[in-house]
Amino acid sequence: MSSPENTPRLFVYHYEHLDNLDFVKRPEDVYNPDELEQRSATVRAALVSAGWEGDGGLGLIWLPPFVDVGVEDTWGVYLWHVKQRNNGVSWIASECPLTSWRLLQQNNPPPVN
C-alpha cells in the first residue's frame, strides 16, 4: 500500500458472505504500530461512511499479482477486511478498484470514499 498521507481515497465494497477467514492476516503482523494506527483510522472512517456499523475486527487479505489487482505485476495488494458481527456482511477497502464480477454484482456501483 502507498504511504498513509498519500492515500486520497479508498474503494469500499460489501460482500455476502466470506465465511472462511483463515487467510485473513492481523494488521499488527504487517504494519508497525504508528503506521497501523494511522491506516486503520483512515480505513475505519471510509468503511463507516459506506455503511459499516463499526463492529468486528479489521484484518488484511493479500491478493497475489496474478489476480490483476493493483499497479505492480510482482507485489500483489492488501485489502482491508472486516466481518460485521450482526449480519455477517464482509466490508472490504482497497486502494485500487476491484473488478471481480461477483463483488461488483453486490456493489453496483461500488461506493468510493
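These remarks concern the structure in this document. None of these values were measured; they are calculated from a predicted model.

Cut-offs used in this document
- Residues numbered from 1 in each chain as written.
- Predicted model: local features only at pLDDT ≥ 70, side-chain atom pairs only at ≥ 80, totals over all residues.
- Heavy atoms only, no water.
- Helix = DSSP H or I, 4+ residues; strand = E, 2+ residues; numbered from the N terminus.
- Buried < 20%, exposed > 50% of the residue type's maximum accessible area, 1.4 Å probe, protein only.
- Areas by Shrake-Rupley, 256 points an atom, 1.4 Å probe, with all protein chains shown as cover.
- Salt bridge = Lys/Arg side-chain N within 4 Å of Asp/Glu carboxyl O.
- Contact = heavy atoms within 4.5 Å.
- Phe/Tyr/Trp six-rings, centres within 6.5 Å; stacked < 30°, edge-to-face > 60°.

1. As for the overall build of the chain
Moving on, step 1. Of regular secondary structure, the chain possesses two helices and four strands.
Moving on, step 2. Secondary structure elements in the chain, listed N-terminal to C-terminal, are β-α-β-β-β-α.
Moving on, step 3. Within the chain, the fraction of its 113 residues that count as buried is 39%.
Moving on, step 4. Element-wise, carbon and sulfur atoms account for 50% of the exposed surface of the chain, whose accessible area totals about 6,800 Å².

2. What about the pattern of salt bridges?
Moving on, step 1. Tallied over the entire structure, the rule returns five salt bridges.
Moving on, step 2. Between Arg-39 and Glu-35 there is a salt bridge, with its nearest N and O atoms 3.0 Å apart. Of this pair, Arg-39 and Glu-35 both sit in helix α1 (residues 33-50), four residues apart, which is roughly one turn of the helix.
Moving on, step 3. The class for Arg-39 is buried, based on a relative accessible area of 5%.
Moving on, step 4. Several salt bridges converge on common partners, so that one network encompasses Arg-26, Glu-28 and Asp-29.

3. What to know about the environment of Leu-98
Moving on, step 1. Looking at where Leu-98 falls in the secondary structure, it is placed in the loop between β4 (90-94) and α2 (101-105).
Moving on, step 2. Taking relative accessible area as the criterion, Leu-98 reaches 8% and is therefore assigned buried.
Moving on, step 3. Expressed as a C-alpha distance, the spacing of Leu-98 and Asp-68, which sit 30 residues apart in the sequence, is 9.1 Å.
Moving on, step 4. Discounting residues that sit within four places of it in the chain, Leu-98 has contacts with Tyr-13, Leu-63, Val-69, Leu-79, Ile-92, Leu-103 and Leu-104.

4. Some points on the packing of aromatic side chains
Moving on, step 1. All chains considered together, the criterion is met by one aromatic pair.
Moving on, step 2. With centroids separated by 5.9 Å and ring planes inclined at 5°, the aromatic side chains of Tyr-31 and Trp-80 adopt a geometry described as stacked. Of this pair, Tyr-31 sits in the loop between β1 (11-15) and α1 while Trp-80 sits in strand β3 (residues 77-83), and the two are 49 residues apart along the sequence.
Moving on, step 3. With a relative accessible area of 9%, Tyr-31 lands in the buried category.

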